[in-house]
Amino acid sequence: MLDHRDGMYFPTEDIVRHAHADRAKYDAMYKQSIEDPEGFWGEHGKRIDWIKPYTKVKNTSFAPGNIDIRWYEDGTLNVAANCVDRHLATRGDQTAIIWEPDDPNAEAQHISYNQLASHVGKFANVLKDMGVEKGDRVVIYLPMIPQAAFAMLACARIGAIHSIVFAGFSPDALAARVNQCGAKVVITADEAPRGGRNTPLKTNADKAFGKVEGDVKMLVVKRTGGDVPMEAGRDHWLHEMEAGVEDACPPEEMGAEDPLFILYTSGSTGQPKGVVHTSGGYLVYASMTHQYVFDYHDGDIFWCTADVGWVTGHSYIVYGPLANGATTIMFEGVPTYPDAGRFWEVCDKHKVNQFYTAPTAIRALMGKGPEFVDKYDLSSLKVLGTVGEPINPEAWDWYHKHVGHQNVPIVDTWWQTETGGHLLTSLPGAIPTKPGSATLPFFGVQPVILEPQTGEEITTTEAEGVLCIKDSWPAQMRTVWGDHERFEKTYFADYKNYYFSGDGCRRDADGYYWITGRVDDVINVSGHRMGTAEVESALVAHEAVAEAAVVGYPHKIKGQGIYAYVTLMGGVEPSDELRKELETWVRSEIGPIAKPDLLQFAPGLPKTRSGKIMRRILRKIAENDYGALGDTSTLAEPEVVDDLIENRMNRG
Ligand code: WTA
């Protein structure tokens, strides 16, 4: 049992003895990583294979007007060769990927590194036959099937840049991303089974292609065998294309700073940004965090329940684990199908050693009762992890007791699409945990807390403010695709010479970090980032809507829910039907994750005399905390607030 004292949980001696790092080693390595980043990352960069070794390690600048981030810049490598070929001599027959399908009665697949090599090689040759060359973009719109990993690695093998669009996104969202990155090929599947239901993925892609510009081809994976129309000349079946190609495809020699992937993510303004990650530094960091943070050892079975459509899936289902020669699980289903025991059934069945999920999933399962988890044998578990949002104490306790049986360290990992890998986290054998805190920085990471208004660094141990990072780490995003200025404006303009995370944070007397949530107009719904501006622009695109404002509010399962205030066009009457129509509209514009949980029709929105919407007031009303609205004297029409309060949707 983990020792529990002074609000902290300590690893047992046994855990410490077997861990890659104990406290003394963490302290020494952290110290070196900060005092001598060149030496530290120069040494740890060797954990991956280079074609041409680097001679330069770090060349990074956060200086205003010159945001320039390069790691290992004169080295060359191939990421797919690191994730596949490099393991063939030593572990060719070891399972690389265990695929657990949606249907619990269908057989799981075990794909060895040898088999992975031939799948990736073939897939790469198919892409080449379709005209994909080094530097071209390929959009992947796939369910959680092994072909998603093959596709990623095939792109990496030939030097194409992949951009995965979560399969839950709508045709419009897909089209926008295909156009924004100028993709040559979109890879999709006939249908995506999830939770016992099939999403018509190919049909969605067809709809998207109505808005896709230029000559873009489609490559279709047969997943269910469902009947889907194929457009001659444009659409190709993967299995047909693969019939004529060889297994072997030589890996392209890539510069360390050549882009590996683009991943679109929501920000506080405008359209999603294409976050660009490059090859060398990203892989070093993803593999190193995977090893240390999950205390991964050879032969362990690792399971990250995220979708490859999010950064967590990129770094901790595919690149980190495979670079380490791990066995990684890909799960096609959902935690509650066929019942709330599915996660634990899969842990038991595959003897999972490290399990990594989001607090929202824990809360959802917790609500179904302990009987779904208690009947499974979870004794194989050695490390549990969480990601995506702060974990509340009740969910932490439940995870600790019912899943970890009070024996298993929980690592709470704070990071972002932009950071490529974990920045704040405990290490199982080194850092005692406090439920709800992401604890301490990973090697090479220098978190600072700034006073939000002045931008001054708060140097006392106890501090509260905005979380910034002082210097670069190898997996940092390099730019926004096609818009370096936006990169600087978003992350380096508010607080000069720092990377600004967008999160608020508190540091306690022990130097532990506690994330307090976003300080911008981004909300975190079930661990997924959603820009309120995106939902607003979807709403105002509807003909009945004059104006919309979207804010987050506390939601028991999702962490935050989406609360939309909508003002209708003159002559349009509010109704329950219209409310449903608008919800469906947002689903179809963006995807189910963006659907407002609560939608209030408002005769007007509270604005300042200069016309700026007072979001602070809208947030308070959405939180059902309208007694504390603060100063409303600057409002142009104070009476609209009374109406909003009277008709508020959240009365919990
Ligand atoms: C939030 C997901 C508290 C945070 C990897 C961040 C967290 C945003 C944690 C990034 C955590 C992520 N504790 N908050 N352990 N992990 N967040 O880009 O607000 O989808 O800025 O990356 O999620 O979300 P993203």
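These numbers come from a predicted model, not from an experiment.

**Regarding the packing of helix 13 (residues 359-366) against helix 15 (residues 393-403)**
Moving on, step 1. Taken N-terminus to C-terminus, the directions of helix 13 and helix 15 make an angle of 75°; their axes are 9 Å apart at the nearest point. Looking at the two axes, helix 13 sits roughly perpendicular to helix 15. Along its contact with helix 13, which presents I362, R363, L365 and M366, the element helix 15 presents E394, A395, W398 and Y399.

**Topic: the site of the ligand**
Moving on, step 1. Taken together, the neighbourhood of the ligand is formed by 17 residues, with D412, T413, T417, D503 and R529 sitting nearest.
Moving on, step 2. A distance of 3.1 Å separates a nitrogen atom of the ligand from a polar atom in the backbone of G388.
Moving on, step 3. R529 is positioned with one of its side-chain polar atoms (N or O) 2.8 Å from an oxygen atom of the ligand.
Moving on, step 4. Here the residues of the shell around the ligand sort into 6 nonpolar, 6 polar and 5 charged.

**Regarding the UniProt feature "domain: AMP-dependent synthetase/ligase" (unreviewed entry) in the protein chain**
Moving on, step 1. This chain's UniProt record puts "domain: AMP-dependent synthetase/ligase" (unreviewed entry) on residues 85-472.
Moving on, step 2. Secondary structure content for residues 85-472 is 31% helix and 22% strand, and the end C-alpha separation is 30 Å.

**Some thoughts on the sheet that holds strand 24 (residues 463-469)**
Moving on, step 1. In spatial order, the strands read 23-24-26-27; together these 4 strands make up an open sheet with antiparallel pairing. With one partner strand each, in any of the chains shown, strand 23 (447-450) and strand 27 (513-518) form the two edges of the open sheet. This sheet shows a mean twist of 45° between the axes of neighbouring strands, independent of strand direction.
Moving on, step 2. Pairing of strand 26 (residues 499-507) with strand 27, which is carried by 5 bridges, proceeds in the antiparallel orientation. Across the sheet, G504 pairs through a bridge with G517, a residue of strand 27.

**Some details on the nonpolar core**
Moving on, step 1. Core analysis: the biggest nonpolar cluster contains 170 residues, and L116, L153, I187, Y319, L427, F443 and L539 have the highest contact counts within it.
Moving on, step 2. Examining the composition of this core, we find that 10 residues originate from one element, helix 6 (residues 146-158), more than from any other.
Moving on, step 3. Counting the residues that make up this core, at least three belong to each of domain 1 (114-255) and domain 2 (526-647).
Moving on, step 4. In this structure, L153 is in contact with A80, C83, V84, L116, V120, V318, Y319 and L322, ignoring residues within four places of it in sequence.

**Quick look at the pattern of salt bridges**
Moving on, step 1. With the rule as written, the count across this model stands at 41 salt bridges.
Moving on, step 2. In this structure, K202 and D235 form a salt bridge, with 2.8 Å as the shortest nitrogen-oxygen distance. Linking K202 in helix 8 (residues 201-209) with D235 in strand 14 (residues 235-237), this pair joins segments that are 33 residues apart in sequence.
Moving on, step 3. Overall, D235 belongs to the buried group, its relative accessible area being 8%.
Moving on, step 4. Put simply, D508 and K434 hold a salt bridge, and the shortest N to O gap is 2.7 Å. Taken together, the positions of D508 in the loop between strand 26 and strand 27 and K434 in the loop between strand 22 (410-413) and strand 23 put the pair 74 residues apart, joining distant regions of the chain.
Moving on, step 5. Judged by its relative accessible area of 9%, D508 is buried.
Moving on, step 6. Overall, the relative accessible area of 10% leaves K434 in the buried class.

**Some words on the UniProt feature "domain: AMP-binding enzyme C-terminal" (unreviewed entry) in the protein chain**
Moving on, step 1. This chain's UniProt record puts "domain: AMP-binding enzyme C-terminal" (unreviewed entry) on residues 534-612.
Moving on, step 2. Helix makes up 27% of residues 534-612 and strand 32%. Its end C-alpha atoms lie 18 Å apart.

**Some remarks on the packing of helix 3 (residues 37-44) against helix 10 (residues 280-293)**
Moving on, step 1. Viewed as axis vectors pointing N to C, helix 3 and helix 10 meet at an angle of 80°, and their least axial separation amounts to 10 Å. Here helix 3 is positioned roughly perpendicular relative to helix 10, judged by the angle of their axes. Across the interface between the two elements, F40, W41 and H44 of helix 3 pack against V284, Y285 and M288 of helix 10.
Moving on, step 2. Its residues placed into classes, the contact of helix 3 with helix 10 shows 5 nonpolar, 1 polar and no charged.

**Some points on empty space enclosed by the protein**
Moving on, step 1. Counted according to the given criterion, the structure contains 3 cavities of 30 Å³ or more.
Moving on, step 2. In this structure, the largest cavity encloses a volume near 60 Å³.
Moving on, step 3. Taken together, 13 residues make up the lining of the largest cavity; nearest its centre are L2, Y9, P409, I410 and T433.
Moving on, step 4. Counted as a void, the second largest cavity has a volume near 50 Å³.
Moving on, step 5. Lining of the second largest cavity is provided by V79, C155, A156, G159, A160, M254, P259, L260 and S279.
Moving on, step 6. Those elements giving two or more residues to the lining of the second largest cavity turn out to be helix 6 and strand 16 (259-265).
Moving on, step 7. Here the lining of the second largest cavity is composed, by residue class, of 7 nonpolar, 2 polar and no charged.

**A short note on the pairing of strand 13 (residues 217-221)**
Moving on, step 1. Judged by how many residues are buried, strand 13 sits mostly within the fold: 4 of 5 residues are covered.
Moving on, step 2. Two elements, strand 10 (residues 185-189) and strand 13, share 5 bridges in a ladder whose sense is parallel. The partner of V186 across the bridge, within strand 13, is M218.
Moving on, step 3. In the sheet, strand 13 pairs with strand 14 via 3 bridges, with the strands oriented parallel. Its bridge partner lying in strand 14, M218 is registered against D235.

**A short note on the domain arrangement of the protein chain**
Moving on, step 1. By domain assignment, the protein chain separates into domain 1 (114-255) and domain 2 (526-647).
Moving on, step 2. Once you take the C-alpha centre of each, domain 1 and domain 2 turn out to be 37 Å apart.
Moving on, step 3. With 6 residues of domain 1 at the contact, the number on the domain 2 side is 8 residues.
Moving on, step 4. For the pair domain 1 and domain 2, the summed buried surface comes to about 450 Å²; carbon and sulfur atoms form 51% of the total.
Moving on, step 5. The three residues of domain 1 that bury the most area against domain 2 are F169, S170 and D172, which together make up 61% of that side's buried surface.

**Topic: the pairing of strand 6 (residues 95-100)**
Moving on, step 1. Counting buried residues along strand 6, 6 of its 6 residues qualify, which places the element largely inside the surrounding structure.
Moving on, step 2. Here strand 6 runs beside strand 7 (residues 109-112); their pairing, made up of 4 bridges, is antiparallel. The residue of strand 7 that forms the bridge with I98 is H110.
Moving on, step 3. Where strand 6 and strand 19 (residues 327-331) come together, 4 bridges link them in parallel fashion. Bridge pairing links W99 to M330 in strand 19.

**Considering unusual backbone geometry**
Moving on, step 1. Residue Y337 is joined to P338 through a cis peptide bond whose omega torsion reads 0°.
Moving on, step 2. Located in the positive-phi region is T439, a residue other than glycine, with phi close to 60°.
Moving on, step 3. Positionally, T439 belongs in the loop between strand 22 and strand 23.
Moving on, step 4. T439 gets classed as buried once you look at its relative accessible area, which sits at 0%.
Moving on, step 5. You will see that S526, though not glycine, has its phi angle at about 50°, which is positive.
Moving on, step 6. Topologically, S526 is positioned in the loop between strand 28 (522-525) and strand 29 (528-531).

Rules of the game
Residues numbered from 1 in each chain as written. Predicted model: local features only at pLDDT ≥ 70, side-chain atom pairs only at ≥ 80, totals over all residues. Heavy atoms only, no water. Axes fitted to C-alpha atoms, helices over the stretch in contact; angles between N-to-C directions. Helix = DSSP H or I, 4+ residues; strand = E, 2+ residues; numbered from the N terminus. Parallel < 35°, antiparallel > 145°, perpendicular 65-115°, else oblique. Contact = heavy atoms within 4.5 Å. Near = heavy atom within 4 Å. Polar contact = N/O pair within 3.5 Å; in protein donor to acceptor, adjacent residues only side chain to side chain. Nonpolar A, V, L, I, M, F, W, Y, C, P; charged D, E, K, R; others polar. UniProt positions renumbered as here; feature names shortened; annotations may be inferred. Pairing = 2+ DSSP bridges. Core = buried A, V, L, I, M, F, W, Y, C linked by side-chain atoms within 4.5 Å. Buried < 20%, exposed > 50% of the residue type's maximum accessible area, 1.4 Å probe, protein only. Domains from an automatic or database assignment. Salt bridge = Lys/Arg side-chain N within 4 Å of Asp/Glu carboxyl O. 1 Å grid on protein atoms, 1.4 Å probe; cavity = no way out; pocket = protein on both sides within 12 Å on 5 of 7 lines; lining within 4 Å. Points joined across faces, edges and corners; volume = space filled by probe spheres on them. Buried area = accessible area lost by both parts, 1.4 Å probe.

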